[in-house]
Amino acid sequence: MSEKNPEAKRSARERLLVERERDKAKEKRRRTLVVAGAVVGVLGLAAVVGLIAANAGKDGGGAAAGPVVAPSGATGKDALAIRTGKDAAKSTLTVWEDFRCPACKSFEDRYRATIHELEAKGLLKVDYHLVTLIDGNMGGSGSLKSANAAACAQDAGKFSAYHDVLFINQPEEVDDAYGKEARLLKLAEKVPGLKTPAFTKCVKGGTHNSWVAKSYGAFRDGQFRGTPTVQLDGTDIFADQANPLTPEKLKAKVEAGAKG
């Protein structure tokens, strides 16, 4: 037994050394993974921050150039709003919208019938401000060109109908289909009497592009939270999460305003 003890001790020491080396290797791999993960995390955060900064810095109206030509009947400060409904209506709904904006489409789809009903009764007028937020965030020119086309429709006295057609037929947000004049002109055929040589020239020539860019500048200067921004007589009624707006509530507010 005494002859075997040194061998046994040596084997035990060797096993201990092997285990220690194994533990060191594990710790080294762990530290490497932690450092690598930290580096990836930092790079990922930098990429996200860079993307946000890039989007925030993009100007959706940057493609516009030339003189500012407001559409016929434009109203409000600097003539940057297109009004629907009767001027004598007591309540005013102010809407900032982008024809490429999915949330704007959701608003329009849900409230369109109620808004038209209140307009027809002479209780509500709507001031639409057209902006190009999605062009800046997603790239393309669909927000600008569709807004210009809507302004061209205003020149023809058919803004409301064409405005609805654009939202009803809105492409996917990433699809810049409204950046093609042919698409906008094709949709104009859904509005009786709209697609005339004058309208076509206005759309293709970007007659109101600079006006749209100025409208978007007012949107940025106003520091609004996003699109759609919906105000009733100056109060933002669409962003109140504690008391969410519904078509019924909008109707009640406007009818109460008319009585008041």
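Residues numbered from 1 in each chain as written. Predicted model: local features only at pLDDT ≥ 70, side-chain atom pairs only at ≥ 80, totals over all residues. Heavy atoms only, no water.

1. Re the pattern of salt bridges
The condition is simple: A carboxyl oxygen of Asp or Glu within 4 Å of a side-chain nitrogen of Lys or Arg is what we treat as a salt bridge. Under the DSSP-based scheme used, a helix requires at least four consecutive residues in state H or I and a strand at least two consecutive residues in state E, with every element numbered from the N terminus.
Taken as a whole, this structure holds 13 salt bridges when the rule is applied. One salt bridge connects aspartate 109 with lysine 105, and the closest N-O pair in it is separated by 3.2 Å. With aspartate 109 and lysine 105 both in helix α2 (residues 102-120), this residue pair falls four residues apart, about one helical turn.

2. Here's the deal with helix α6 (residues 181-188)
Test applied: Relative accessibility under 20% of the residue-type maximum defines a buried residue, over 50% an exposed one, and the middle range a partly exposed one, all with a 1.4 Å probe and only protein chains included. Along the arc lie the directions from the helix axis toward the C-beta atoms.
Buried residues of α6: Leu184, Leu185, Leu187 and Ala188, and no others. Burial along α6 is one-sided: seen end-on, the buried residues are contained in an arc of 160°.

3. Examining the sheet that holds strand β4 (residues 229-232)
To keep it simple, the criterion reads: Note on pairing: DSSP must find at least two bridges between two strands before they are called paired. Contacts are assigned to residue pairs that have any heavy atoms within 4.5 Å of one another. Lines fitted to C-alpha atoms define the axes, with helix axes restricted to the stretch in contact, and inter-axis angles between N-to-C directions lie between 0 and 180 degrees.
Sheet architecture is open: five strands sit in the order β1-β3-β2-β4-β5, paired in mixed fashion. Every other strand in the sheet has two partners, leaving β1 (82-85) and β5 (235-236) as the edge strands with one partner each. Note: strand β2 (residues 91-97) against β4, four bridges, orientation antiparallel. Paired with leucine 93 across the two strands is leucine 232, which belongs to β4. Together, β2, β3 (124-130) and β4 form the strand contacts of helix α9 (residues 247-259), whose direction differs from that of β4 by roughly 30°.

4. Overview of the nonpolar core
This is how the line gets drawn: Buried Ala, Val, Leu, Ile, Met, Phe, Trp, Tyr and Cys residues form a nonpolar core when they are joined through side-chain atoms within 4.5 Å.
Within the largest apolar cluster, 47 residues are counted, with the highest numbers of intra-cluster contacts made by Leu93, Ile115, Tyr162, Phe199 and Leu250. Top element by residues in this core is helix α4 (residues 142-155). It accounts for seven residues. Apart from the residues within four sequence positions on either side, phenylalanine 199 is in contact with Ala149, Cys152, Ala153, Tyr162, Leu185, Ala188 and Leu194. Core analysis: the next-biggest nonpolar cluster, separate from the first, contains five residues, Trp96, Val131, Tyr216 and Phe219 among them.

5. A few points about α4
Put simply, the test is: By this rule the span expected of a helix is its residue count minus one, scaled by 1.5 Å.
Here α4 is 14 residues long and its end C-alpha atoms lie 20 Å apart, about the 20 Å a rise of 1.5 Å per residue gives. Burial runs high along α4: 12 of the 14 residues are buried. Among the residues making up α4, those that are buried are Gly142, Ser143, Leu144, Ser146, Ala147, Asn148, Ala149, Ala150, Ala151, Cys152, Ala153 and Gln154.

6. Some remarks on unusual backbone geometry
Trans is the common state for peptide bonds, and a negative phi is the common state for residues other than glycine. The peptide bond linking threonine 227 to proline 228 adopts the cis configuration, its omega dihedral lying at 0°. By secondary structure assignment, the location of proline 228 is in the loop between α8 (209-221) and β4. Even without glycine at this site, aspartate 233 takes up a positive phi of about 50°. Note that aspartate 233 resides in the loop between β4 and β5. Judged by relative accessible area, which is 46%, aspartate 233 ranks as partly exposed.

7. What about the pairing of β2?
For the record, the criterion: Here the term right-handed applies to a crossover when the path leading from its first strand over the helix to its second strand runs clockwise, the strands being oriented away from the viewer.
Of all the seven residues making up β2, seven are buried; the element is thus mostly covered by neighbouring parts of the structure. What you see with β2 is no split at all: Ser91, Leu93, Val95 and Glu97 on one side and Thr92, Thr94 and Trp96 on the other are buried throughout. For the segment spanning β2, α2 and β3, crossover handedness is right-handed.

8. Some details on the side chain of aspartate 98
Stated formally: When charges are tallied, Lys and Arg are placed among the positive residues and Asp and Glu among the negative ones, while His and the ends of the chain are skipped. Identification of polar contacts relies on pairs of N or O atoms within 3.5 Å, with a donor-acceptor requirement for protein atoms, meaning one able to donate a hydrogen and the other able to accept it, and with residues adjacent in sequence counted only if both atoms are side-chain atoms.
With respect to the secondary-structure elements, aspartate 98 resides in the loop between β2 and α2. Arginine 100 provides the closest opposite charge to the buried, salt-bridge-free aspartate 98, at an N-O distance of 5.9 Å. Of the polar contacts made by the side chain of aspartate 98, one reaches the backbone nitrogen of arginine 100; its length is 2.8 Å. Among all residues touching aspartate 98, those that are not within four sequence positions of it are Cys104, Val131, Thr132, Leu133, Ile134, Ser143, Phe167, Gln170 and Thr227.

9. A few points about the packing of α2 against helix α5 (residues 159-168)
For the record, the criterion: Should an angle lie under 35 degrees it is considered roughly parallel, over 145 roughly antiparallel, and from 65 to 115 roughly perpendicular; all remaining angles are considered oblique. Whether a crossing is left-handed or right-handed is set by the direction in which the near helix is turned from the far one by less than a right angle, anticlockwise for left-handed and clockwise for right-handed.
α5 packs onto α2 with a crossing angle of 140° between their chain directions and a minimal axis gap of 9 Å. Between α2 and α5, the angle is such that the two are oblique. Crossing handedness for the pair α2 and α5: left-handed. Each of Cys104, Lys105, Glu108, Arg112 and His116 in α2 lies in contact with α5, whose residues at this interface are Ser160, His163, Asp164, Phe167 and Ile168.

In short, the description is geometric, and any link to function would need to be established separately.
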